[in-house]
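# Analysis of the macromolecular model
Below, each chain spelled out in residue letters.
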Amino acid sequence: MSAITSLDAPRATFRASPHPPGRVTPWRRILHGLPFVAAGALGLALSVAAWFAFWHRDGELARLEFESIAANKAGSLQNGLDQYLNKLVALRALFQSIDAVGREQFETFADQLVRDQTAILRVNWVPRVERDERIAYERAAAGDGVTDYQFKAVAEDERLSLSPERDEYFPIFYSTAPRGTHDLYGIDLGSPKRRPPLELARDNDRLGAAGNVMLHTGVGDRHGFFVVLPVYRRGLPHDNVEDRRRNLVGFIHAAFQIEALIESLLAATGSHGLDFHLFAYDAAPNALPVHSHVSPVDTTPIEWNTKAAVAAGPHWSGELRAGDARWALVMTPMSGGPAHAGYDRAWIVLVAGLLISAGAVAYMCASARHADRLVLANRKVSELARIDALTGLANRRAFLERLTAVFAQARRGREAFAVLYFDLDHFKDVNDTQGHPVGDELLRHVAERVKKIVRRTDLVARFGGDEFAVLEMDVAEFAGAGVLADKIGKALAAPYAIGANGVHITASIGIARFSETVADPEALLMQADLALYRAKEDGRNCFRFHSDELDWQVRERVTIAAELRQAVDRGELELYYQPQVELGSGRIVGLEALLRWNNARRGTVPPSIFIPIAERTGSILPIGQWAFDQACRQLRLWQDQRIAPAFVAVNCSALQFKALSELERTIADSLARWDISPQRMEIELTESVLMDVTQQQSGTLERLRELGLGIAIDDFGTGYSSLNYLTKYPVNRLKIAQELVFGVTTDSRNATVVRTAIRLAHELNIDFVAEGVENEAQMKFLIAAGCERAQGYYFSRPVDARHASELLRQGWIRPGKNSLRVVATTAA
Ligand code: C2E
Ligand code: MG
Ligand code: MG
């Protein structure tokens, strides 16, 4: 919130903002945070979407790759298996090329074929034996060193027993198994359990196989399968089934151990990151695999070892064939293997997306914080521009802004308000005598006191120096503002514990209240200023309201000041002269020159009206010059006419006296111009002017006195009580004030003061004149008191030069009977 709006929301003391910098309301915090939350949410959504897309794509790629690897792998497994089976074809070739293959011959050939082939458990020769050939075969085997050779039947439960009598036997006769007492020898594959694949192979002249059978290895039974390859009698046809049945000699028989077969195939070609599961071809879903080859980490495939479990995940399924035997081959990607879908990229994308989003949000936050800091700094700067550094109050600018705002509100019908404008009486004296630090401290105390008095809705400001203003809100009646002014006046008048001796000060207050007739805020301030001026004029330490009367007076003063500046040039000024007479004889001893202003419009304006204005505007300097020069000129005329009085007194105001060098030069010029002896002129100064005399001015005063110029103290007894200056300055006449003379016959204290003053003058050997003598009683009192000279209406009013000449020619005045008095009255 800007400082301007804070001024709209009134505060007793100047506060730039209702929320100090850094404090934010919850709602604003939420609003501030929204963009960041939105950016964060967007970043999160995009990251998740990208992650999902990559995840999906990676999964799809991995699936395709896996399927291609698996299909390849299935092909190479089938190839490997086919190569194994082809070895049997080579063995069959042996039987087809030789009429009678001996045991030794078979073993040598077969051993070579199956050497290092762990998958082929055994390779056997299974001859077709007629019922009557059985004994011969059993004997022949025994003769070859196969102990306990007998034809054995395989029962349903895989147990072996002596083969019953049959027309046809298919016993294992030769084998790569050691010849000793081995279970394998003599097993009759013609027994019903083993026979079907044999018949299939015989009839079709191709490989027959029996899947998933119990293999009798001699060192423990194992699951496996066996294949048989029919061998037909050499040179006889076996083109059709009858020929094949008739000419069948036997079978090349090989037992494969599935586990070893798969493992050896995989050892040769590699597993390529796949797990292998071989099931019976028509295995039920809950069937366990015939064999599984899994990666080392998945050595206990408890969950997925059923067919259903294996097929539940990503998998490839096909088959593995060995002749008629088929197995369902299911491959799954090895966990962590190359064919296993890796979602690293998806995760990298997600993490990168989240990091970028977090970075973006952090960047936004940082820039927002930076921007906030700039805004705060700017606000601080603009607030400082509106605060008075010394007191912490609003300054003039801030006050005017608020005044303008409430002015507009009052115009729109809001309750009226008042401006109290005040300054401290004689504050300059505090600064001059106690130093500026004390002055500053005093201003701070004043600010504190006023702040405590005003209401929260009011505004206190310091305009500079010792000038303060209060904006008092909601002032129903004009007089109401007087209550606050009174409080301020009393509060400020209480002593201050500052400096060595404490400080006492009072304030003068001017009050102006809003009304529809006031043009603008500046005009209102001007009114308060005028009222303050009036308070000063009325003796300070008081408050004054602005009024139309006051306005008129001020306007009048302004026009008088303007007209007065031209008065000398236009010849509107005139000197009147009032005689000073010797009380005993009525002889005229001197004249006081008194200014009159003859204005065409205003008539004759008395000095009590225009002299103070001339003093304030500075026109008193040319006017005073003119008056002294005019008095000299008149004296020259009187001297030439030989009717000149002993002296002519000219009044001199404070401002003239301050421009002493100018005064000195003016006096000297006029005296020289009119060839007047300095002894014939007197300057009248009031006590207060004398009190203000500085060291340098006192020197000038002495020089004037030494010239012979008279120095009179005008209005003696009304100014300062100190009489010290009488001893310090070369004064030669005291003029006791007419206020004192006026009461001598009615007020005994007045009489005492006048008597004392006369005695004092005598004692100090200073001439004494009583001013404002108006009647005989006063004159008699003065004579009795020892006063020798007087001036007043009783003798003569101030008269123009012509009448003064007449009086001078006459030389004396009979008190109370002066024929010129009537004339003089009109002039005054
Ligand atoms: P002031 O110097 O004390 O002059 C005496 C004033 O008392 C004169 O008023 C005079 O007319 C008046 N007065 C004389 N006798 C009587 C009396 O019996 N009764 C009453 N009531 N008044 C009497 P004025 O001429 O109006 O002058 C007023 C003041 O203006 C003078 O007081 C003086 O301070 C000032 N003034 C006059 N002329 C000049 C001037 O040329 N220069 C300066 N600086 N001030 C002047
Ligand atoms: Mg005078
Ligand atoms: Mg006087």
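Residues numbered from 1 in each chain as written. Chains lettered and ligands numbered in written order. Predicted model: local features only at pLDDT ≥ 70, side-chain atom pairs only at ≥ 80, totals over all residues. Heavy atoms only, no water.

## Some points on the coordination of the magnesium ion (ligand 2)
Only Glu592 (OE), Asn651 (OD1), Glu684 (OE) and Asp714 (OD) from the protein coordinate the magnesium ion (ligand 2), and they sit 2.0 to 2.3 Å from it. In terms of primary sequence, the donors binding the magnesium ion (ligand 2) are separated according to E-x58-N-x32-E-x29-D. Between the magnesium ion (ligand 2) and the magnesium ion (ligand 3), the interatomic distance is 3.9 Å, and Asp714 donates to each metal, bridging them. Taken as a pair, Asn651 in strand E22 (residues 647-651) and Asp714 in strand E24 (residues 710-716) lie far apart in primary sequence, 63 residues in all. The partly exposed category is assigned to Asn651, whose relative accessible area is 28%. (Donors = N, O, S within 2.8 Å, 3.2 Å for Na, K, Ca; no water. Helix = DSSP H or I, 4+ residues; strand = E, 2+ residues; numbered from the N terminus. Buried < 20%, exposed > 50% of the residue type's maximum accessible area, 1.4 Å probe, protein only.)

## With respect to the site of ligand 1
Taken together, 23 residues are adjacent to ligand 1, and Asn651, Asp714, Gln738, Glu774 and Tyr793 come closest. The separation between a nitrogen atom of ligand 1 and a polar main-chain atom of Leu595 is 3.0 Å. Take Tyr793: an N or O atom from its main chain is 2.8 Å from an oxygen atom of ligand 1. Relative to its free-state accessible area of 780 Å², ligand 1 is covered by the protein chains to the extent of 83%. Residue assignment for the shell around ligand 1 shows that the elements contributing at least two residues are strand E20 (588-599), helix H16 (607-617) and E24. Take the shell around ligand 1: its biggest share by element is four residues, from E20. When grouped by side-chain class, the residues that make up the shell around ligand 1 number nine nonpolar, seven polar and seven charged. (Near = heavy atom within 4 Å. Polar contact = N/O pair within 3.5 Å; in protein donor to acceptor, adjacent residues only side chain to side chain. Areas by Shrake-Rupley, 256 points an atom, 1.4 Å probe, with all protein chains shown as cover. Nonpolar A, V, L, I, M, F, W, Y, C, P; charged D, E, K, R; others polar.)

## Side note on the packing of helix H2 (residues 26-97) against helix H9 (residues 344-384)
Contact geometry for H2 and H9: axes closest at 8 Å, N-to-C directions at 165°. Taken together, H2 and H9 sit at an angle that is classed as roughly antiparallel. The handedness of the crossing between H2 and H9 is right-handed. Counted by class, the contact of H2 with H9 contains 19 nonpolar, six polar and four charged residues. (Axes fitted to C-alpha atoms, helices over the stretch in contact; angles between N-to-C directions. Parallel < 35°, antiparallel > 145°, perpendicular 65-115°, else oblique. Left-handed = near helix turned anticlockwise from the far one by under 90°.)

## Some words on unusual backbone geometry
Most peptide bonds adopt trans geometry, and most residues besides glycine take a negative phi value. Positive phi, normally seen in glycine, also occurs at Asp675, with a value near 50°. Secondary-structure assignment places Asp675 in the loop between helix H19 (660-673) and strand E23 (681-686).

## As for a nonpolar patch on the surface
Taken together, the side chains of Trp27, Ile30, Leu31 and Leu34 define a hydrophobic patch exposed on the protein surface, amounting to about 490 Å² of accessible area. Within the secondary structure layout, Trp27 lies in helix H2. By relative accessible area, Trp27 is classed as exposed at 66%. (Patch = residues over 30% accessible without salt bridge, like charges linked within 9 Å, V, L, I, M, F, W, Y side chains within 5 Å. Salt bridge = Lys/Arg side-chain N within 4 Å of Asp/Glu carboxyl O.)

## Quick notes on the packing of aromatic side chains
The tally for this structure, following the rule as stated, stands at 25 aromatic pairs. Joined through ring pairs, the aromatic side chains of Phe95, Phe106, Trp125, Tyr137, Tyr149, Phe151, Tyr169, Phe173 and Tyr174 make up one cluster. Cation over ring: Arg103 sits above Phe173, and NZ or CZ is 4.9 Å from the ring centre. The ring centre of Tyr496 lies 3.5 Å from the NZ or CZ of Arg449, which sits over that ring. (Phe/Tyr/Trp six-rings, centres within 6.5 Å; stacked < 30°, edge-to-face > 60°. Lys NZ or Arg CZ within 6 Å of the ring centre and 35° of its normal.)

## What to know about the confidence of the model for the protein chain
On average, residues of the protein chain score 85 in pLDDT, and 92% of them are at 70 or above. Counting contacts from residues 819-828, a segment whose pLDDT is below 50, to residues more than four positions away or on other chains yields 16 contacts. (pLDDT = per-residue confidence, 0-100. Contact = heavy atoms within 4.5 Å.)

## Section: the coordination of the magnesium ion (ligand 3)
Bound to the magnesium ion (ligand 3) are the protein donor atoms Asp714 (OD), Asp715 (OD), Glu771 (OE) and Glu771 (OE), situated 2.1 to 2.4 Å from the metal. Of the residues examined, Asp715 reaches a relative accessible area of 25% and is grouped as partly exposed.

## Quick word on the sheet that holds strand E16 (residues 467-472)
In space, the five strands of this open sheet follow the order E15-E16-E14-E17-E18, with mixed pairing throughout. A strand with exactly one partner marks an edge of an open sheet, and here the two such strands are strand E15 (459-464) and strand E18 (543-545). In this sheet, neighbouring strand axes are inclined to one another by 20° on average, regardless of whether the strands run parallel or antiparallel. In this structure, E15 lies alongside E16, joined through five bridges in antiparallel fashion. Directly across from Leu459, in E16, lies its bridge partner Leu471. Together, strand E14 (418-424), E16, strand E17 (507-513) and E18 form the strand contacts of helix H13 (residues 480-493), whose direction differs from that of E14 by roughly 20°. (Pairing = 2+ DSSP bridges.)

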